[in-house]
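Here's the letter readout for the chains.
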Amino acid sequence: MAIRTVRILGDEILTKKCREIKEVTPRIRELATDMIDTMYEANGVGLAGPQVGVLKRIVVIDVGEGPMVLINPVIISSDGEQIGEEGCLSYPGKSGTVKRPNHVIAKAYDLDMKEYTIEGEGLLARCICHELDHLDGHMYVELAGDTIHDVNYETEE
Ligand code: ZN
């Protein structure tokens with residue numbers, strides 16, 4: 001278990017496309033555990049490989065239903081629309097308004113390389129879209145435009 005350093009907007013690694021994971025090695029398992037620890041430490045709901053400097057297609061998510069590991073995730077369908085506030089551990093203290101689908105179905109592999117389907121609505125759908133964008137070198141700031149603003153965390157601490 002270890003907390004990894006979260007890369008911050010401006011770091012070139014956050015703009016790169018990630019490679020697929022072919023095999024879950026002990027290193028990948030350790031990476032997944034560290035990513036979950038790092039996400040919790042930072043009070044985040046999701047974290048993607050490049051955010052901890054690893055250009056592999058792996059994402060961890062916990063929107064309050066327990067941690068999920070998504071390896072090589074792909075969105076297979078999405079519908080509806082939600083407009084809401086979004087933030088990112090790679091851009092601390094900021095938030096912006098982003099339009100996302102309200103319902104998303106994705107497929108991914110777990111740590112045993114078993115394929116599974118994940119279906120999300122609302123926050124989970126938003127989180128899946130946000131994290132998968134990271135795997136292709138994209139961040140929500142590209143979608144939020146001039147709605148980006150400072151966030152006051154006082155009430156949450
Ligand atoms: Zn992010």
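Quick caveat, the model's predicted, so the values are computed rather than measured.

Take the coordination of the zinc ion next. Donor atoms from the polypeptide that coordinate the zinc ion comprise Cys88 (SG), His130 (NE2) and His134 (NE2), at 2.0 to 2.2 Å from the metal. When its relative accessible area of 9% is taken as the criterion, cysteine 88 is described as buried.

What follows deals with the environment of glutamate 65. When you line up the elements, glutamate 65 lands in the loop between strand 2 (58-61) and strand 3 (68-79). In this structure, the C-alpha to C-alpha distance between glutamate 65 and leucine 124, residues 59 residues apart in sequence, is 9.9 Å.

Moving on: unusual backbone geometry. Notably, asparagine 43 is not glycine yet its phi reads approximately 60°, a positive angle. Relative to the helices and strands, asparagine 43 resides in the loop between helix 1 (26-41) and strand 1 (46-48). Its identity as a non-glycine residue notwithstanding, methionine 113 has a phi of 60°, on the positive side. Mapped onto the secondary structure, methionine 113 falls in the loop between strand 6 (103-109) and strand 7 (115-121). For methionine 113, a relative accessible area of 27% puts it in the partly exposed group.

Counting 25 residues, the largest nonpolar core has Val59, Ile61, Met68, Leu70, Ile118 and Ile128 as its most contacted members. Within the residue set of this core, elements represented by two or more residues are strand 2, strand 3, strand 6 and helix 2 (123-135). The leading source of residues in this core is helix 2, at seven residues. Apart from residues lying up to four places away in sequence, methionine 68 is in contact with Val59, Val60, Ile61, Ile118 and Leu124. Of all hydrophobic cores here, the second largest spans 15 residues; its members include Ile36, Val52, Ile58 and Ile71.

Definitions and cut-offs
Counting from 1, residues in each chain are numbered in the order their sequence is written. The predicted origin of the model limits local features to residues at a pLDDT of at least 70 and limits the giving and counting of side-chain atom pairs to 80 or more, whereas totals for whole chains, interfaces and linings rest on all residues. As a rule here, side-chain values cover all heavy atoms of the structure and leave hydrogens and water aside. Nitrogen, oxygen and sulfur within 2.8 Å of a metal are treated as its donors, or within 3.2 Å for sodium, potassium and calcium (Na, K, Ca); water is not counted, so a site can appear incomplete. Relative accessibility decides the category of a residue: with a 1.4 Å probe and only protein chains considered, values under 20% of the type maximum give buried, values over 50% give exposed, and everything between is partly exposed. Strands here mean DSSP runs of E at least two residues long; helices mean DSSP runs of H or I at least four residues long; both are numbered from the N terminus. Residue types Ala, Val, Leu, Ile, Met, Phe, Trp, Tyr and Cys, when buried and joined through side-chain atoms within 4.5 Å, form a set referred to as a nonpolar core. Any pair of residues with heavy atoms lying within 4.5 Å of one another is described as a contacting pair.

The analysis is restricted to geometry; functional conclusions fall outside its scope.
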